[in-house]
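Residue-level structure breakdown
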Amino acid sequence: MAGAGDWTPDMIREEVDALKHKPGALLPILHAVQNRIGYIPEGSVAIIAESLQQTRAEVHGVISFYHHFRTQPAGSHAVQVCRAEACQAMGGRTLEAHVRQRLGVDYHGTTADNEFTLEPVYCLGNCACAPNIRVNDDIHGRMTPQKFDRLTDRLITATLELE
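Residues numbered from 1 in each chain as written. Predicted model: local features only at pLDDT ≥ 70, side-chain atom pairs only at ≥ 80, totals over all residues. Heavy atoms only, no water.

Here we come to a positive patch on the surface. Residues Arg142, Lys147, Arg150 and Arg154 make up a contiguous surface patch of positive charge. With respect to the helices and strands, the residue Arg154 is situated in helix H7 (residues 145-155). By relative accessible area, Arg154 is classed as exposed at 62%. (Patch = residues over 30% accessible without salt bridge, like charges linked within 9 Å, V, L, I, M, F, W, Y side chains within 5 Å. Areas by Shrake-Rupley, 256 points an atom, 1.4 Å probe, with all protein chains shown as cover. Salt bridge = Lys/Arg side-chain N within 4 Å of Asp/Glu carboxyl O. Lys, Arg positive; Asp, Glu negative; His and termini not counted. Charge placed at Lys NZ, Arg CZ, Asp CG, Glu CD. Helix = DSSP H or I, 4+ residues; strand = E, 2+ residues; numbered from the N terminus. Buried < 20%, exposed > 50% of the residue type's maximum accessible area, 1.4 Å probe, protein only.)

In C-alpha cells:
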C-alpha cells in the first residue's frame, strides 16, 4: 500500500483500466484504489468518473454511501467497534463511549498522532463473546475498557519523547 498521500493519477488509471470492463465496475475499482492507496483521494474521483462515463457526483455518492470507503488517510490501526444488538446488550455502549474518550475522536476520525482511526461496524460475527472490537484484522471479544486501554498501549508505535 502506498503511504498516505503517495498516489498519482497513473496509479488510479491502472486500477480503473484493470477493472472497468467488469459489470458494475465502480465498487471493485473503489475497493482496489483504497486497497492500494489506503483511501480514495478526492483527486481520483474525476479520473474514475471520466473513465466510467459517470458524473463525479455519482462516484462521490457511492463513496459517501458506503462507510467502508475513506476519503482521508487512516491511522496505523483501524479500530472498529461493533454496534450490533448483541454487543450493545453486553455493555457495548459503555465500551463505545470509553473508546471514543480514550482515543479523543468520534467515528470516522483519526487520532492526532495518526495511530488510530475509529470506525463503527454493525456485526463482527462474534456475538457469543460480546462486546467486540476489531483492530486491523484481529477480533477481540469480551472487550472491556481496561482491556482496550492495555491493547492500545501495546499498539502505539510513535516514539515517546521524555523530558
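So, next bit.
With that settled, consider the side chain of Gln80. Here Gln80 shows up in strand E1 (residues 77-82). Taking relative accessible area as the criterion, Gln80 reaches 14% and is therefore assigned buried. A polar side-chain atom of Gln80 sits 3.2 Å from a polar atom in the side chain of Glu119. Within the local environment of Gln80, its side chain forms a polar contact with the side chain of Arg134, the two groups lying 2.6 Å apart. Contact partners of Gln80, with chain neighbours within four places excluded, come to Glu119, Val121, Leu124, Asn132, Ile133 and Arg134. (Polar contact = N/O pair within 3.5 Å; in protein donor to acceptor, adjacent residues only side chain to side chain. Contact = heavy atoms within 4.5 Å.)

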